[in-house]
Amino acid sequence: MKEVLTPLEMRAVDKNTEYNNIPTLVLMENAGASIAHYIVNKYPDKKKISIYSGKGGNGGDGFVIARHLLNYGYHIHLYLLTRPENIKNSDSKINWESIKIIAETNKNLKVYKITDSTQLKPDNSDIIIDAILGTGVNGKIRQPTAKAIDNINYSPAIRISVDVPSGLDPETGKVHDKSVIAHETLTLHKAKTGLLSAEEKYVGHVEVLDIGIPRVSEEYVGEGDLLKLSTPRVNSHKGENGSVLIIGSNPDYIGAVIFAAQACASQSIDLIYIVAPESSANLIKQYNPEFIVRSVPGNVLSMDGYDVIEPLISKVDSILIGSGAGLDDKTRELFNHILCETDKPVIIDADALKLVDCENIKKGNVIVTPHAFEFKKFFDCELPDKFDDRVDMVCKLAKEYNTIILLKGVVDIIASPDDYKLNRTGNQGMTVGGTGDILAGLTTAISTKNSLFEAAYIACFILGVAGDKARDNYGFNYSSNDILKLI
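This is a predicted model, so every value here is computed, not measured.

Caption draft 1: Geometry of the overall build of the protein. Across its full length, the protein holds 18 helices and 18 strands. Here the C-alpha coordinates of the protein stretch approximately 85 × 45 × 40 Å along the principal axes. Looking at the protein residue by residue over its 487 residues, the buried ones come to 55%. When contacts within the protein are restricted to residue pairs at least 6 apart in sequence, those whose partners lie at least 24 apart make up 70%. Where the 52 positive side-chain charges of the protein centre and where its 63 negative ones centre are 8 Å apart.

Caption draft 2: Representation of the side chain of Asp163 in the model. With respect to the helices, strands and loops of the structure, Asp163 is situated in the loop between β6 (158-162) and β7 (184-188). At a separation of 2.9 Å, a polar atom in the side chain of Asp163 contacts the side chain of Lys192.

Caption draft 3: Seen up close, the nonpolar core. Core analysis: the largest hydrophobic core is formed by 48 residues, its most contacted members being Ile246, Ile272, Ile274, Ile414, Ile438 and Ile483. Of all the elements in the fold, those that place two or more residues in this core are β10 (243-247), α9 (254-265), β11 (271-277), α10 (278-287), β16 (404-407), α16 (435-446), α17 (452-474) and α18 (480-486). Looking at this core, the element that brings in the most residues is α17, giving 13 residues. Once residues within four sequence positions are removed from consideration, Ile483 is found in contact with Met430, Thr435, Ile438, Leu463, Ala466, Gly467, Ala470 and Tyr478. Grouped together as the second largest cluster of nonpolar side chains are 46 residues, Ile247, Leu312, Val346 and Leu407 included.

Caption draft 4: Representation of the sheet that holds β10. Here we have 9 strands laid out as an open sheet, ordered β12-β11-β10-β13-β14-β15-β16-β17-β18, and mixed in their pairing. Every other strand in the sheet has two partners, leaving β12 (292-296) and β18 (419-423) as the edge strands with one partner each. The mean inter-strand angle of the sheet, taken between neighbouring strand axes irrespective of direction, is 15 degrees. Packed onto the sheet, α16 meets β10, β13 (318-321), β14 (346-348), β15 (366-368) and β16 and runs at close to 165 degrees relative to β13.

Caption draft 5: Looking closely at the packing of α9 against α16. Taken N-terminus to C-terminus, the directions of α9 and α16 make an angle of 40 degrees; their axes are 7 Å apart at the nearest point. For the element pair α9 / α16, the angle class is oblique. The interaxial crossing formed by α9 with α16 has right-handed handedness. Contacts from Ala256, Phe259, Ala260, Ala263 and Cys264 of α9 reach α16 at Asp437, Ile438, Gly441, Leu442, Thr444 and Ala445. Per-class residue counts for the contact of α9 with α16 are 8 nonpolar, 2 polar and 1 charged.

Caption draft 6: Representation of the packing of α16 against α17. With their axes 8 Å apart at the nearest point, α16 and α17 run at an angle of 135 degrees to one another. Here α17 runs oblique to α16, going by the angle between their axes. Relative to α17, α16 is oriented so that their crossing is right-handed. Contact residues: Thr435, Ile438, Leu439, Leu442, Thr443 and Ile446 in α16; Ala455, Ala456, Ile458, Ala459, Cys460, Ile462 and Leu463 in α17. Taken together, the residues of the contact of α16 with α17 sort by class into 11 nonpolar, 2 polar and no charged.

Caption draft 7: Representation of the pattern of salt bridges in the model. All chains considered together, the criterion is met by 20 salt bridges. With its nearest N and O atoms 3.0 Å apart, the salt bridge here joins Lys178 to Asp150. Note that Lys178 is positioned in the loop between β6 and β7 and Asp150 in helix α5 (residues 145-154), a separation of 28 residues in sequence. For Lys178, a relative accessible area of 23% corresponds to the partly exposed category. For Asp150, a relative accessible area of 21% gives the class partly exposed. Its salt-bridge partner being Glu359, residue Lys362 comes within 3.0 Å of it at the nearest N-O pair. What makes Glu359 partly exposed here is its relative accessible area of 44%. Three or more residues joined by partner-sharing salt bridges are found here, namely Asp225, Lys228 and Lys421.

Caption draft 8: Highlighting the layout of surface pockets. Roughly 700 Å³ of internal volume is contained in the second largest pocket. What lines the second largest pocket is a set of 29 residues, among which Lys408, Met430, Thr431, Thr435 and Gly436 lie closest to the centre. Sorting the residues of the lining of the second largest pocket by element identifies α16 and α17 as the ones contributing at least two each. The element contributing the most residues to the lining of the second largest pocket is α16, with 4 residues.

Caption draft 9: Representation of the pairing of strand β5 (residues 127-131) in the model. Where burial is concerned, most of β5 is hidden: 5 out of the 5 residues are buried. In β5, alternate side chains face the same way, and those of Ile127, Ile129 and Ala131 on one face and Ile128 and Asp130 on the other are all buried. Strand direction decides the pairing type here: strand β2 (residues 48-53) and β5, joined by 5 bridges, are parallel. Within the sheet, the bridge partner assigned to Ser50 lies in β5 and is Ile128. As judged from the 4 bridges shared by β5 and β6, these two strands associate in the parallel manner. Following the sheet pairing, Asp130 is matched in β6 by Ser161.

Caption draft 10: Expanded view of the packing of aromatic side chains. With the rule as written, the count across this model stands at 8 aromatic pairs. A ring pair is formed by Tyr79 and Tyr112, whose centres lie 4.9 Å apart and whose planes are at 15 degrees; its orientation type is stacked. Here Tyr79, found in strand β3 (residues 75-80), pairs with Tyr112, found in strand β4 (residues 109-113); they are 33 residues apart in sequence, far enough to count as distant. In textbook terms, an aromatic cluster arises when at least three aromatic residues are bridged by ring pairs, as seen for Phe375, Phe378, Phe379 and Tyr401. Sitting above the plane of the Tyr74 ring, Lys47 keeps its charged end 4.2 Å from the centroid.

Caption draft 11: Local environment of the side chain of Asn336. Take Asn336: it is sitting in helix α12 (residues 329-341). Polar side-chain contacts of Asn336 include one of 2.8 Å to the backbone nitrogen of Asp357. Sequence-distant contacts of Asn336, defined by excluding residues within four places in its chain, comprise Leu355, Val356, Asp357 and Asn360.

Definitions and cut-offs
- Residues numbered from 1 in each chain as written.
- Predicted model: local features only at pLDDT ≥ 70, side-chain atom pairs only at ≥ 80, totals over all residues.
- Heavy atoms only, no water.
- Helix = DSSP H or I, 4+ residues; strand = E, 2+ residues; numbered from the N terminus.
- Buried < 20%, exposed > 50% of the residue type's maximum accessible area, 1.4 Å probe, protein only.
- Contact = heavy atoms within 4.5 Å.
- Lys, Arg positive; Asp, Glu negative; His and termini not counted.
- Charge placed at Lys NZ, Arg CZ, Asp CG, Glu CD.
- Polar contact = N/O pair within 3.5 Å; in protein donor to acceptor, adjacent residues only side chain to side chain.
- Core = buried A, V, L, I, M, F, W, Y, C linked by side-chain atoms within 4.5 Å.
- Pairing = 2+ DSSP bridges.
- Axes fitted to C-alpha atoms, helices over the stretch in contact; angles between N-to-C directions.
- Parallel < 35°, antiparallel > 145°, perpendicular 65-115°, else oblique.
- Left-handed = near helix turned anticlockwise from the far one by under 90°.
- Nonpolar A, V, L, I, M, F, W, Y, C, P; charged D, E, K, R; others polar.
- Salt bridge = Lys/Arg side-chain N within 4 Å of Asp/Glu carboxyl O.
- 1 Å grid on protein atoms, 1.4 Å probe; cavity = no way out; pocket = protein on both sides within 12 Å on 5 of 7 lines; lining within 4 Å.
- Points joined across faces, edges and corners; volume = space filled by probe spheres on them.
- Phe/Tyr/Trp six-rings, centres within 6.5 Å; stacked < 30°, edge-to-face > 60°.
- Lys NZ or Arg CZ within 6 Å of the ring centre and 35° of its normal.

Okay, structure coming up:
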């Protein structure tokens, strides 16, 4: 698992933790307590502390820090840089209500509600804690936050930032306007990408503090990972929200292509092209007029149709091969040729797993989607019985072949050359025909806007959740069409 996270990845981990029944309020409490304990241990004699808090979750961390430091005999000046009614984070609101009560009863806590920059005066505390913006920075800094940052930087105090110095872009490390110049940055759970690329003068010493996020929140896919999906822009135009090409079908397996195409449509893909033999194409056209169907000669896919396929490949963002394609040697030749000729993302599913040469997947643009038997045949190796050993093997092969492997099972294993995810959604009723085609379609659709690794593990999660809802609604008497409706 990664040792450094982007701000989006961190938000996903937070939400996954909540999905795993650990409230975000607990994480805020753990964050504030960890920072307070760090200060108590390192600065036991620096008793006069100012805390500058904003209206988001970072500000809520500041409230918790104040509460814990008071219990150790510190004198706290807490500056809220907004009106209390503007506090937008629900956990921060709860901790603010607690701070109000404590301020009425504890003479060591002074609270200042700052709504105008003229209310801020030079600060001569021993330590200043910056809990203003964290990962919420967005462009130019507004007042009174801008003045607060100046006050912090001009102070002779030890300056400590919570998670990320306020004003520093947590993803890139750039400072677009102004930033707190921290002596120390106490970042939560894992370092953020911006801290590694920022100038050292802004972040100072970076310390990573544990806040009780369990391994499962990163290792397993969860609801938080859906935050990584993009939504169409208001002024977007046709084709901007993804275009895919599905190459498959023979007269015996028309449904596979249709299920895959419907799954793509469920993800707001603008243009769905399908190439199928002429014996299948006419039936597919009748099924949904939204699909752009192109027929190629004969009953099976072959190089005879490449003149039709090649210009479509240049138009689309991602390609799916294999759905219902059959096992003809002519199709083998076509699929291997496509893999060798294109750098577009290619999802290899179903019959294509039995046709393509595994040496042709090493270009870094491929997702393979086998179940255990297909995996054994494709990679010519036995899967270990022990689950942890399976994970190790899949990760090793993903690195060796420079590809994304989505191994379907009771727990799905999704591996990239440098990372892996596990997915435990879904149930035994999903052995019904068509679910694999839906998964392939979802993966293809999501890959138009996300990395191939993200596409593979998010698709697994979505399909599994829909399957679990279908089971809850219908018992095990549900169909792939029921799953599609729930997606």
